[in-house]
Amino acid sequence: MATVSHPTSAGSAPWQTHEVFNQAPPLVGVDVFASNLPLVEAVEREGAGWASERASALGRFVGGDPQQSWGRLANENRPILRTHDRYGHRIDEVEFHPAWHQLMRMGVEHELHSLPWTSEEPFAHTARAAMYMTAMQAEAGFACPITMTFAVVPALRAQPELAAEWEPLITATTYDPRSVPAAEKGSAIAGMAMTEKQGGSDVRANTTLARPLNGGGAGAEYELTGHKWFCSAPMSDLFLVLAQTADLDPPALSCFLLPRILPDGSRNAFHIQRLKDKLGNHSNASSEIELHAAWARMVGEPGRGVPTIIEMVGHTRLDCVIGTAAGMRAGVVGATHHAAHRSAFGKKLIDQPLMRNVLADLCLESEATTALAMRLARAYDEAHSDAEEGKDSSDAQLFKRLATAVGKYWTCKRAPNHAFESLECLGGAGYVEESGMPRLYREAPLASIWEGSGNVMSLDVLRALTRSPRSLEVFIAEVEETVGADRRLDVSIAKLKEQFADPVTLETRARRVVESMALCLQGSLLVRNAPAAVADAFCASRLDGDGGLEYGTLPSGSDFEGIIARSRPQV
Ligand SMILES: Cc1cc2nc3c(=O)[nH]c(=O)nc-3n(C[C@H](O)[C@H](O)[C@H](O)COP(=O)(O)OP(=O)(O)OC[C@H]3O[C@@H](n4cnc5c(N)ncnc54)[C@H](O)[C@@H]3O)c2cc1C
């Protein structure tokens, strides 16, 4: 019998060629809320300190096992459209991996879809923002239906009897994905369908037609015929849909509530044509649908579809800002954790001067976005309180309106490059799916496109200023709370005011104007609330021109360690 000679690598098994070292340990068991110091401070500062323990419990849950694998599993196992059953009956069902349902259950059970509408506590929008940001560390895809379910409530209130019927279901804290009438399961998830093939930003181009079934008018029954080119989360229980109202002369857009399953248990004529093969997450389904005389009820006044649904749109835009802060946070966590454990050229990456600059710059952007998101969430709390007191156009309401558009434009625009730089901090490993960074990168452009893309948001700022010129005064008063504290910020605010001098060219310059507004707001928030290291680097690089076009270009005198230490998960 032949014998095999083994090389003499004493102590190691024959198949072992090398030792694995110089790799970051897995980041599990971290409280993803408590380890996010800029967020922890912001919750307290903006009035929702009562929610810190709740957010921390959620943070421990999200950071644990197996929750950390839910996002990966839900993305690796894409939803599948089943238009027909095996016998040929039309069913229009989308099948999801169990991990998707786990994520949805987490969102609903932690009241991410409902807290501001149900809580007796103050600043519930702010509390929810912190928890939403925390939960989104697990995955971004499920945040879409959670957001739409949250955002539908204020729009639905335009039709009190429909709100009375649906709001208890929408705000229920049980998740039930079955295709049965919502009343039977006691809960409901909501979606929205506005965008058509010929126009999304300009919804006035909608051709879907609504015909009255018995008289028509606010709250009345209609049948809807037409299509929608984007309809995310098509397994939702109800949708707000825009359609041209045939009984108006000329036809005009109205808003409709369309249940997917009718009260008698049969399926509404809501047909899913196909699922989008899209760039971002693969966990959530986005679909193209056709409505074939689908049953719906009008929400709000006939012909007032846009003002009615804009209440929903506004709240989804808030979530675009919060969600972007969440994505940046995930990038910072991945990048700083890797760099703290990986060595190259004789030093940990986090101690290499140039890498420190990159990490600090990423942390800075993330902290500025978090501060803006949380301030904006407080504006929603204050604006709602004012509305309940019967106030109209209060300072908080004007600030909320303007800062939502400003914040969505700028934070969403900053996200893709932030995700890319975070990914690059991991080198080649960051390009590999297992790191989670490709998921982050693919998702990053979405919030900028959804619910008002970049130009549309910039023009929305101008629209808000035209409708309520006082909103600019309110905005400037907010950023000027810091007057005298930082010369660079003072100069930037002065220059910002000058940008409104020439109304003729304002539309062409809108992106620059909105960018300046966002930077002044972020600068002001950081000067007021963040440690000097953070505020100083922000003002120098973002306001005073002492920075480059890419991340990692902060001035050499910045307190890099101080900036990173606030944001880095300590493991
Ligand atoms: C993943 C995903 C999910 C989505 N889910 C939904 C959903 O559930 N429900 C739904 O209704 N929609 C949904 N959408 C659609 C989305 O809201 C629209 O794509 C978006 O509003 C833009 O509309 P559009 O695609 O028709 O682009 P267009 O309106 O054609 O715009 C194209 C470009 O022109 C720019 N533009 C438009 N008007 C002007 C102007 N006056 N001046 C200068 N520039 C202008 C825009 O900023 C944009 O960059 C989803 C989109 C995506 C990507």
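These numbers come from a predicted model, not from an experiment.

1. Things to note about the site of the ligand
Around the ligand sit 19 residues, and of these Met-194, Thr-195, Gly-200, Ser-201 and Ser-232 come closest. Contact between the ligand and Ser-201: an oxygen atom at 2.6 Å from a side-chain N or O atom of the residue. Those elements giving two or more residues to the shell around the ligand turn out to be β3 (190–193), β5 (221–232), α14 (446–449) and α15 (454–467). By residue class, the composition of the shell around the ligand is 10 nonpolar, 8 polar and 1 charged.

2. Concerning the packing of aromatic side chains
Centre distance and the angle of the planes are the two values used to describe a pair of aromatic rings. For the structure shown, the criterion picks out 8 aromatic pairs. Ring centres 5.0 Å apart and planes at 15 degrees place the aromatic pair Phe-96 and Trp-100 in the stacked group. Plain terms: the ring middles of Trp-229 and Phe-230 are 6.5 Å apart, the flat faces sit at 80 degrees to each other, and that makes the pair edge-to-face. For Phe-230, a relative accessible area of 41% puts it in the partly exposed group. Against the face of Trp-229 rests Lys-276, its NZ or CZ located 3.4 Å from the ring centre.

3. Details of the nonpolar core
Counting residues in each nonpolar core, the largest one holds 172 residues, and the members touching the most others are Met-106, Trp-166, Leu-224, Leu-240, Leu-258, Met-312 and Met-517. A per-element tally of this core places helix α11 (residues 353–388) first, with 16 residues. Once you skip the residues sitting within four places of it in the chain, Leu-240 turns out to touch Val-152, Ala-155, Leu-156, Gly-191, Met-192, Ala-193, Cys-255, Phe-256, Leu-257, Val-299, Ile-309 and Met-312.

4. Quick look at unusual backbone geometry
Cis peptide bonds are those with omega within 30 degrees of zero, and the linkage from Asp-65 to Pro-66 qualifies with 15 degrees. Along the chain, the position of Pro-66 falls in the loop between α2 (52–62) and α3 (67–76). In this structure, the amide linkage connecting Asp-249 to the following residue, Pro-250, adopts the cis form with an omega of 0 degrees. Structurally, Pro-250 can be placed in the loop between β6 (238–245) and β7 (252–259). Look at Ala-293: it is not a glycine, yet its phi comes out positive at around 55 degrees. Its place among the elements puts Ala-293 in strand β9 (residues 286–299). Note on Ala-293: relative accessible area 34%, which makes it partly exposed. Despite not being glycine, Ser-393 has its phi angle at roughly 60 degrees, a positive value. Structurally, the position occupied by Ser-393 is in the loop between α11 and α12 (395–424).

What counts as what
- Residues numbered from 1 in each chain as written.
- Predicted model: local features only at pLDDT ≥ 70, side-chain atom pairs only at ≥ 80, totals over all residues.
- Heavy atoms only, no water.
- Near = heavy atom within 4 Å.
- Polar contact = N/O pair within 3.5 Å; in protein donor to acceptor, adjacent residues only side chain to side chain.
- Helix = DSSP H or I, 4+ residues; strand = E, 2+ residues; numbered from the N terminus.
- Nonpolar A, V, L, I, M, F, W, Y, C, P; charged D, E, K, R; others polar.
- Phe/Tyr/Trp six-rings, centres within 6.5 Å; stacked < 30°, edge-to-face > 60°.
- Buried < 20%, exposed > 50% of the residue type's maximum accessible area, 1.4 Å probe, protein only.
- Lys NZ or Arg CZ within 6 Å of the ring centre and 35° of its normal.
- Core = buried A, V, L, I, M, F, W, Y, C linked by side-chain atoms within 4.5 Å.
- Contact = heavy atoms within 4.5 Å.

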